[in-house]
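Okay, here's what each chain looks like letter by letter:
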Amino acid sequence: DAGVTQSPTHLIKTRGQHVTLRCSPISGHKSVSWYQQVLGQGPQFIFQYYEKEERGRGNFPDRFSARQFPNYSSELNVNALLLGDSALYLCASSLESVGNYEQYFGPGTRLTVT
Amino acid sequence: AQTVTQSQPEMSVQEAETVTLSCTYDTSESDYYLFWYKQPPSRQMILVIRQEAYKQQNATENRFSVNFQKAAKSFSLKISDSQLGDAAMYFCAYRALIQGAQKLVFGQGTRLTINP
């Protein structure tokens, strides 16, 4: 089975622009989570979606938004980009069933804001 | 708030030897999960091992094992017979349930170097 996939791999944007990142979960997984990993740090939680509903949000401004589609794929949108948004954005999917809560990560999207 | 601390930014070990990576966490919950993830230079985060807090027995996955001390809130990772392919960033993570979200709280990571 294919793992979590993300697109694009790399992205360069200018301050003030908008960006959309995409994620496809492992087949059968209904939950998708988004994390931001700034260079040299651990990932920080942004959002979790389960069955197309937002389950939780981390400490990120309203410029960050996301959604999940009927096929459980997900998009992360960031408006009015700042230099500080430069990071690796990771998507993780999980089954979210009793006893099975591991999150499996995709390869990430490297966003550079200039 | 739950926090995870990895006090060793970098570690190195000779190939075939054993190394232990440290992790402490803070939580008021009694039931939770702990994980170790590996992130090689290619950057894909890979799950190494998991531990359920309600289990007293330490988890083991081949050459990887943990020392889970619940009272001390400590969760260290031991890698036996280190191999060159073990070189990576290692992240300790705690699975928190906050406002319904099953989020992972990560430590800052430990960069592990394997010397041939």
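In case you missed it, the structure is sitting above this.
Residues numbered from 1 in each chain as written. Chains lettered and ligands numbered in written order. Predicted model: local features only at pLDDT ≥ 70, side-chain atom pairs only at ≥ 80, totals over all residues. Heavy atoms only, no water.

Caption draft 1: Broad picture of the overall build of chain A. Along chain A, the regular secondary structure elements total 0 helices and 11 strands. For chain A, the N- to C-terminal ordering of α and β elements is β-β-β-β-β-β-β-β-β-β-β. Relative to the globule expectation of 13 Å for 114 residues, the C-alpha radius of gyration of chain A, 13 Å, shows essentially globular dimensions. With respect to the principal axes defined by its C-alpha atoms, chain A has extents near 40 × 25 × 25 Å. Long-range contacts, defined as pairs at least 24 residues apart, comprise 53% of the intrachain contacts of chain A with a sequence gap of at least 6. For chain A, the exposed surface amounts to about 5200 Å²; the carbon and sulfur share of it is 50%. Looking at charge distribution, chain A has the averaged site of its 10 positive side-chain charges lying 8 Å from that of its 9 negative ones. (Helix = DSSP H or I, 4+ residues; strand = E, 2+ residues; numbered from the N terminus. Rg over C-alpha atoms; globule rule 2.2 N^0.38 Å. Contact = heavy atoms within 4.5 Å. Areas by Shrake-Rupley, 256 points an atom, 1.4 Å probe, with all protein chains shown as cover. Lys, Arg positive; Asp, Glu negative; His and termini not counted. Charge placed at Lys NZ, Arg CZ, Asp CG, Glu CD.)

Caption draft 2: Representation of the overall build of chain B in the model. A count of helical and extended segments in chain B gives 0 helices and 12 strands. In chain B, the order of α-helices and β-strands from amino to carboxyl end is β-β-β-β-β-β-β-β-β-β-β-β. The C-alpha radius of gyration of chain B comes to 14 Å, within 12% of the 13 Å expected for a compact globule of 116 residues. Counting only C-alpha atoms and orienting by the principal axes, one finds that chain B spans roughly 45 × 30 × 20 Å. Buried positions account for 49% of the 116 residues belonging to chain B. When contacts within chain B are restricted to residue pairs at least 6 apart in sequence, long-range pairs at least 24 apart make up 54% of them. (Buried < 20%, exposed > 50% of the residue type's maximum accessible area, 1.4 Å probe, protein only.)

Caption draft 3: Spatial organisation of the interface of chain A and chain B. Tallying the contact residues gives 25 residues for chain A and 20 residues for chain B. When chain A packs against chain B, close to 1900 Å² is buried across both sides, 50% of that on carbon and sulfur atoms. When the buried area of chain A at its contact with chain B is split by residue, Tyr 101, Glu 102 and Phe 105 of chain A rank highest and sum to 27% of it. Connecting chain A to chain B are 1 salt bridge. Notably, a salt bridge pairs Arg 50 of chain B with Glu 102 of chain A, separated by 2.6 Å at the nearest N-O pair. Our count for the contact surface shared by chain A and chain B stands at 5 residue pairs in polar contact (both at pLDDT 80 or more). Elements supplying a minimum of two residues to the side of chain A that touches chain B: β4 (31-37), β5 (44-50), β6 (53-57) and β9 (87-94) of chain A. (Buried area = accessible area lost by both parts, 1.4 Å probe. Salt bridge = Lys/Arg side-chain N within 4 Å of Asp/Glu carboxyl O. Polar contact = N/O pair within 3.5 Å; in protein donor to acceptor, adjacent residues only side chain to side chain.)

Caption draft 4: Region of interest: the sheet that holds strand β1 (residues 5-7) of chain A. Residues and elements named next belong to chain A. One open sheet accounts for 4 strands, arranged β1-β3-β8-β7; its pairing is antiparallel. Of all the strands in the sheet, just β1 and β7 (64-68) have a single pairing partner and so form its edges. Neighbour-to-neighbour, the strand axes of this sheet turn through a mean angle of 15°, independent of strand direction. Direction of pairing for strand β3 (residues 19-24) relative to strand β8 (residues 74-78): antiparallel, over a ladder of 5 bridges. Paired with Thr 20 across the two strands is Asn 77, which belongs to β8. (Pairing = 2+ DSSP bridges. Axes fitted to C-alpha atoms, helices over the stretch in contact; angles between N-to-C directions.)

Caption draft 5: Region of interest: the nonpolar core. Among the nonpolar cores identified, the biggest contains 27 residues, and Tyr 25, Trp 36, Phe 75, Leu 77 and Tyr 90 of chain B are the most heavily contacted of them. Looking at this core, the elements with two or more residues in it are β3 (19-21), β5 (33-39), β6 (46-52), β8 (64-69), β9 (74-79), β10 (88-98) and β12 (110-115) of chain B. If you tally residues by element for this core, the top one is β10 of chain B, at 5 residues. Apart from residues no more than four positions distant in its own chain, Phe 75 of chain B is found in contact with Cys 23, Tyr 25, Leu 34, Phe 35, Trp 36, Gln 51, Val 66, Asn 67, Phe 68 and Cys 92 of chain B. Core analysis: the next-biggest nonpolar cluster, separate from the first, contains 22 residues, Val 19, Ile 26, Ala 66 and Ala 87 of chain A among them. (Core = buried A, V, L, I, M, F, W, Y, C linked by side-chain atoms within 4.5 Å.)

Caption draft 6: Representation of the packing of aromatic side chains. Residues and elements named next belong to chain B. In this structure the tally under the stated criterion is 16 aromatic pairs over all chains. Between Tyr 32 and Tyr 94 the ring centres are 5.2 Å apart and the planes differ by 40°, which places this aromatic pair in the tilted class. Pair noted here: Tyr 32 is in the loop between β4 (24-26) and β5 and Tyr 94 is in strand β10, with a separation of 62 residues, a long-range link. Taken as a pair, Tyr 32 and Tyr 94 share a single burial class, namely buried. When the ring of Tyr 37 is compared with that of Phe 106, the centres are 5.9 Å apart and the planes differ by 50°; the resulting orientation is tilted. (Phe/Tyr/Trp six-rings, centres within 6.5 Å; stacked < 30°, edge-to-face > 60°.)

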